[in-house]
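The lines below spell out each chain.
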Amino acid sequence: MPRRERRAQLLSSALEIFVAQGYHAAAMDDIAERAGVSKPVLYQHFPGKLELYLALLDTSCDQIIENCRVALEMTQDNKLRVGATIDAFFEYVANDSGAFRLVFESDLTNEPAVREHVERVTTECAALIAHVIADDTGLPETASRLLAVSLVGMAQVSARFWLSEAGGISRTEAAALVSALAWRGIRGYPKTDEHPQQD
């Protein structure tokens, strides 16, 4: 198997094990067995369990950040942007792979490298949102970033709550409820140009 395909296969198997067992309980033996390879083959690609976990975190973090970027770039209508960005988080946590657990529910956040990866989601998603807020409202960068971090936090926490405890509410309905709340708040900061925010 070509190296790139083998690496993808190993990452996929590792994701299943880490999501099911958590970092501490997961064993490289289990990951190798799930992938159908010997442990030496696994170590040819990843020198240790932490490096394998960080590689998975990279992939997972990149995905949610890219989803956020796409949501913001899909339209110039800020009401639709808010909805799409909130939904990006709901879609991410609803994914059957459970990859969000590595990012938002890691049992290894005391490890500096892991914490840095996890915080990158908030930092980079908020930076993308803050840019839009600053451009549209003329608010200073620090104020725009604070509002953006608040929106990211709302999206992330509400999506995780919905998945675990809000039974009976569809993903679409849940994302719409949170989007409406977020929009009612952020639209209170008027645009600086001649085009008013939509109701």
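Numbering of residues starts from 1 in every chain and runs along the sequence as written. Only residues with pLDDT of at least 70 are given local features in this predicted model, and only at 80 or more are side-chain atom pairs given and counted; all residues enter the totals for whole chains, interfaces and linings. As a rule here, side-chain values cover all heavy atoms of the structure and leave hydrogens and water aside.

The chain has the name Transcriptional regulator, TetR family in an unreviewed UniProt entry, where Nocardioides psychrotolerans is given as its organism.

A. The domain arrangement of the chain, seen in detail. Domain ranges listed in this record stem from an automatic or a database domain assignment. Splitting the chain by domain gives domain 1 (1–47) and domain 2 (50–186). Two residues form a contact once any of their heavy atoms are found within 4.5 Å. Counting from both sides, the interface comprises 14 residues of domain 1 and, opposite them, 13 residues of domain 2. Carbon and sulfur atoms supply 80% of the area buried between domain 1 and domain 2, which totals about 1200 Å² over both sides. Accessible surface is computed with a 1.4 Å probe, and the buried area is the amount of it that two parts give up when combined, taken over both parts together. The largest contributions to the domain 1 side of the interface with domain 2 come from Leu15, Val19 and Tyr23, which together make up 44% of the buried area. Each salt bridge in this description consists of a side-chain nitrogen of Lys or Arg and a carboxyl oxygen of Asp or Glu lying within 4 Å of one another. On inspection of domain 1 and its partner domain 2, the count reaches zero salt bridges. Polar contacts here mean pairs of N or O atoms no more than 3.5 Å apart (in protein, one a potential hydrogen donor and the other a potential acceptor; neighbouring residues in sequence count only if both atoms are side-chain atoms). In this assembly, domain 1 and domain 2 are joined by one residue pair in polar contact (both at pLDDT 80 or more). The numbering of helices and of strands both runs from the N terminus, where a helix is a DSSP run of H or I of at least 4 residues and a strand a run of E of at least 2. Among the elements of the structure, helix H1 (3–25) and helix H2 (28–35) are those that each provide at least two residues to the side of domain 1 that touches domain 2. With nine residues, H1 is the single largest residue contributor to the side of domain 1 that touches domain 2.

B. Local environment of the packing of aromatic side chains. Aromatic pairing here means that ring centres of Phe, Tyr or Trp (its six-membered ring) are within 6.5 Å. Orientation follows from the plane angle: under 30 degrees is stacked, over 60 is edge-to-face, and everything else is tilted. All chains considered together, the criterion is met by five aromatic pairs. Ring centres 5.0 Å apart and planes at 85° place the aromatic pair Phe18 and Tyr53 in the edge-to-face group. With a gap of 35 residues between them, Phe18 in helix H1 and Tyr53 in helix H4 (residues 49–73) connect regions that are remote in the sequence. Residue class for Phe18 comes out buried when judged on its relative accessible area of 2%. The buried label goes to any residue with under 20% of its type's maximum accessible area, the exposed label to any with over 50%, and the partly exposed label to all in between, with areas taken from a 1.4 Å probe on protein chains only. Tyr53 sits in the buried class, given a relative accessible area of 1%. Considering the side-chain rings of Phe90 and Trp162, the 5.7 Å spacing of their centres and the 50° angle between planes classify their relative orientation as tilted. One end of the pair, Phe90, is in helix H5 (residues 78–94); the other, Trp162, is in helix H8 (residues 141–165), and 72 residues separate them in sequence.

C. Summary view of the side chain of Ser106. Here Ser106 shows up in the loop between helix H6 (100–104) and helix H7 (112–137). Of note is the side chain of Ser106, whose polar atom sits 3.0 Å from the backbone nitrogen of Leu108.

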